[in-house]
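# Inside the fold
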Amino acid sequence: MGKDEVIQHNSWEFNEEVSEVFSDMLSRSIPDYDNMRDLMFRMARNFVTPYSNVLDIGCSTGLSSKRLIECDEAQKTDFTLIDISEPMLTKCKEFYRGRRNVDVRYWDITEGCPICCCSVIISCLTLQFVPIEYRQKIISSIYNSLNKGGALFLVEKVIGHSHTIDEVMVKEYYEIKRENAYTEKQIKAKRKALAGTLVPLTIKMNESLLEVAGFRKIDTFWRYLNFCGIIAVK
Ligand SMILES: C[S@@+](CC[C@H](N)C(=O)[O-])C[C@H]1O[C@@H](n2cnc3c(N)ncnc32)[C@H](O)[C@@H]1O
């Protein structure tokens with residue numbers, strides 16, 4: 001696994017260079033990363049049912065679904081992992097080569113979900129990269145693609161409800177990045193590259209998208225500074 005020394009001068013792209021160091025990038029730039037992964041897996045395995053589908057939206061190299069794919073509860077479940085980044089898809093296909101119940105494919109989620117009858121749908125740090133005008137359509141499509149009792153796991157960067165509190169959270173977030181050995185130059189360049197490409201909403205705005213889609217059982221399973229994991233059950 002390579003070390004994340006990526007500096008992008010234009011808008012952020014999930015390109016070949018990013019795909020090479022992606023695991024290191026996530027673990028050093030998502031605070032409380034291991035707990036988030038662990039909790040999502042622990043929660044999700046309770047919803048996986050045999051002979052259903054699991055959809056991972058914006059799968060990148062496929063790490064979000066890894067433990068679920070390997071767990072006992074999911075041996076009779078089919079997994080579909082989608083992304084629009086070819087370098088990420090190449091890595092993900094390589095990783096799951098030979099797994100008979102895993103289908104990794106190119107699919108743009110702005111077209112809606114590619115499969116139905118899902119017991120679990122994962123969208124981990126993906127929706128924030130999709131233009132806002134598509135988000136309601138996507139969440140509604142997710143609702144329609146879930147079986148009754150199925151669950152969406154939505155992990156997103158969020159903005160605080162209060163500007164004062166948000167400022168402190170952002171400050172501490174960059175402090176964590178420094179502690180994780182990112183240089184000032186890297187931090188500044190990434191912030192600039194992500195501006196306008198990664199567009200976070202507040203938790204309330206995300207919840208409102210879920211409610212409009214039809215979800216009535218919504219809760220937070222993980223939160224660390226301005227990162228949040230929401231579970232919504234159909
Ligand atoms: C931060 S990464 C997701 C990380 C991954 N879910 C994980 O947990 O390891 C965001 C991913 O979303 C993908 N993406 C962005 N827009 C998309 C779209 N419209 N449809 C599908 N995937 C998309 C990107 O290519 C990128 O791989």
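These numbers come from a predicted model, not from an experiment. Residue indices follow the written sequence of each chain, beginning from 1 at its first position. The model is predicted, so local features are restricted to residues of pLDDT at least 70 and side-chain atom pairs to those at 80 or more, both for listing and for counting; the totals for chains, interfaces and linings are taken over all residues. The side-chain numbers reported here are obtained from all heavy atoms of the structure, hydrogens and water having been left aside.

### Quick notes on helix α7 (residues 163-179)
- Numbered from the N terminus, helices here are DSSP runs of H or I no shorter than four residues, and strands are runs of E no shorter than two. In this analysis, the expected span of each helix is defined as 1.5 Å times one less than the number of residues it contains. Over its 17 residues, α7 extends 24 Å from the first C-alpha to the last, a length consistent with the 24 Å expected when each residue adds 1.5 Å.
- Any two residues whose heavy atoms approach within 4.5 Å at even a single point are treated as in contact. Buried residues in α7 make contact with α2 (22-29), β5 (146-157), α8 (184-194), β6 (217-224) and β7 (227-233).
- Distance and chemistry together define a polar contact, namely a pair of N or O atoms within 3.5 Å, with one atom able to donate a hydrogen and the other to accept it when in protein, and with adjacent residues in sequence counting only for side-chain atoms on both sides. For α7, the N-terminal cap is S162; the gap from its side-chain oxygen to the backbone nitrogen of T164 is 3.3 Å.

### Some points on the site of the ligand
- Only heavy atoms are used to decide nearness, and a residue is near a molecule or strand if one of them lies within 4 Å of it. Every one of the 19 residues lining the ligand counts as a neighbour, but G58, S60, S64, D83 and D108 are closest to it.
- Separating an oxygen atom of the ligand from a side-chain N or O atom of S64 is a distance of 2.7 Å.
- Following the grouping adopted for this structure description, the nonpolar residues are Ala, Val, Leu, Ile, Met, Phe, Trp, Tyr, Cys and Pro, the charged ones are Asp, Glu, Lys and Arg, and the polar ones are all others, Gly among them. In terms of residue class, the shell around the ligand is built from 11 nonpolar, 5 polar and 3 charged.

### Re the nonpolar core
- Residues belong to a common nonpolar core when they are buried Ala, Val, Leu, Ile, Met, Phe, Trp, Tyr or Cys residues joined through side-chain atoms within 4.5 Å. Relative accessibility thresholds used throughout: buried, under 20% of the residue-type maximum; exposed, over 50%; partly exposed, between the two (1.4 Å probe, protein chains only). Among the nonpolar cores identified, the biggest contains 47 residues, and L68 and L81 are the most heavily contacted of them.
- At 5 residues, helix α3 (residues 33-44) tops the list of elements feeding residues into this core.
- Residue contacts for L68: discarding those within four places in its chain leaves F41, A44, R45, V48, V54, A74, F79, V120 and I122.
- Counting residues in hydrophobic clusters, the runner-up holds 27 residues, among them C118, I121, I142 and L210.

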